[in-house]
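# Observations on the model geometry
Read off the chains here:
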Amino acid sequence: MIVPLLLLPKRIAKQLSHNLLGVASRIKPNFKFLEADFYKLDADINVDEYVALCILNSLTYFLFSAMLAISVLVRMGNKNALGIGIAVGLVVAMVIFMLGMVYPKWMAKGRVKKIDKNLLFAARHLRIQTTANVPLFESFVSASHGYGEVSEEFAQIVKSVQAGTNLSYAIEESASKNPSYYYCRILWQVSNAVKAGTDVGPVLSDIVDFLGEEQRIDMRSYGAQLNTLAIVYLMLCIIAPTIGLIFMMIISSFVELPINDTVLYMILGVLAFIQYMFVGLIESRRPVVAI
């Protein structure tokens, strides 16, 4: 688990942040979602240590940005260089701190995408193995390779069982720590089947069919969203700039409105930024499917 945009080396930052653990313990209750995010991520540090690192990082950014702003303003001859520099440092420090607070949630969402990407294939693997009368534990061992993040989760289940943990308990523990809704749902049903002593094969067949249908629904929903996004893209990136330039040319013939290269480059820059944002929006909304 790392702090985003950490300026200091991680080893030095960890040593210095121990002095801020008391402050972190007082701030932590204001960010109750961190406990759940860290539990789902199975992080190598606790919440207090992470918050302390975020505080240290924000203080570092405050000093760096404030000194930089003050030095620039002094060179410009600004009389309020100290006050403006401190204000700039506070704003930067607050942004960096809030970024650190929401970063674990972003990491959890990224982990969900990695898990859901191969989850259907892994579930099909388990179904094939169990319907062939392979024991469930051996099926998990077989599926603990080749399916990315899902295989890593299965490998943890295998290690827990080999260490003496009951199979159903190991499955439940893996489900409780995982941020993926579908992964948790699959493993909870498998665990219930193991506890009840029923055949896991039919349960996995129903789960695979359900998961495949859910992914098809997500694909259809994404296609419907693309139609709306395409219309918005046409309006903002093609129709509006074209009509705007035509109006500017017409107005410039009545009023002295210079349309030089600088204006055109600014328009081009804005259009490039809008298109970049649209690509990111489309990428973020794309469902993770593996049918």
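Parameters at a glance
- Residues numbered from 1 in each chain as written.
- Predicted model: local features only at pLDDT ≥ 70, side-chain atom pairs only at ≥ 80, totals over all residues.
- Heavy atoms only, no water.
- Salt bridge = Lys/Arg side-chain N within 4 Å of Asp/Glu carboxyl O.
- Helix = DSSP H or I, 4+ residues; strand = E, 2+ residues; numbered from the N terminus.
- Buried < 20%, exposed > 50% of the residue type's maximum accessible area, 1.4 Å probe, protein only.
- Contact = heavy atoms within 4.5 Å.
- Axes fitted to C-alpha atoms, helices over the stretch in contact; angles between N-to-C directions.
- Parallel < 35°, antiparallel > 145°, perpendicular 65-115°, else oblique.
- Left-handed = near helix turned anticlockwise from the far one by under 90°.
- Nonpolar A, V, L, I, M, F, W, Y, C, P; charged D, E, K, R; others polar.
- Phe/Tyr/Trp six-rings, centres within 6.5 Å; stacked < 30°, edge-to-face > 60°.
- Lys NZ or Arg CZ within 6 Å of the ring centre and 35° of its normal.

One side chain can pair with another of opposite charge once the charged atoms of both are near each other. All chains considered together, the criterion is met by 8 salt bridges. Among the salt bridges present, the one from Asp48 reaches Lys28, with a minimum N-O distance of 3.2 Å. Highlighted residues: Asp48 in helix H4 (residues 47-76) and Lys28 in the loop between helix H2 (21-27) and helix H3 (33-41), separated in sequence by 20 residues. Given the relative accessible area of 21%, Lys28 is considered partly exposed. For the salt bridge of Glu172 with Lys195, the shortest nitrogen-to-oxygen distance reads 2.2 Å. Residue Glu172 is located in helix H8 (residues 167-176), and its partner Lys195 is located in helix H9 (residues 181-196); the two are separated by 23 residues in the primary sequence. A residue is classified by how much of its surface remains accessible, and Lys195, at 52% relative accessible area, is exposed. Each of Lys28, Glu35 and Asp48 takes part in one network of salt bridges that share partners.

What follows deals with the side chain of Ser17. Locating Ser17 in the fold gives a position in helix H1 (residues 10-17). When near neighbours in sequence (up to four residues on either side) are disregarded, Ser17 contacts Ala52, Leu53 and Leu56.

Direction vectors running N to C along H3 and H4 enclose 110°, while the axes themselves pass 10 Å from each other. Judged on the interaxial angle alone, H4 and H3 are roughly perpendicular. Crossing handedness for the pair H3 and H4: right-handed. Side by side, H3 and H4 meet where Leu34, Glu35 and Phe38 of the first sit next to Val47, Tyr50 and Val51 of the second. Grouping the amino acids of the contact of H3 with H4 by side-chain chemistry returns 5 nonpolar, no polar and 1 charged.

As a further point, take the packing of aromatic side chains. What the rule picks out here adds up to 8 aromatic pairs. Geometrically, the ring pair formed by Phe31 and Phe97 is edge-to-face, given 5.9 Å between the ring centres and 70° between the ring planes. Of the two residues, Phe31 is situated in the loop between H2 and H3 and Phe97 in helix H5 (residues 81-131); the sequence distance between them amounts to 66 residues. Both residues of the pair, Phe31 and Phe97, count as buried. Through pairs of rings, three or more aromatic residues link up here, namely Phe31, Phe33 and Phe97. Seen from the ring of Phe210, Arg185 lies directly overhead, with NZ or CZ sitting 4.2 Å from the centre.

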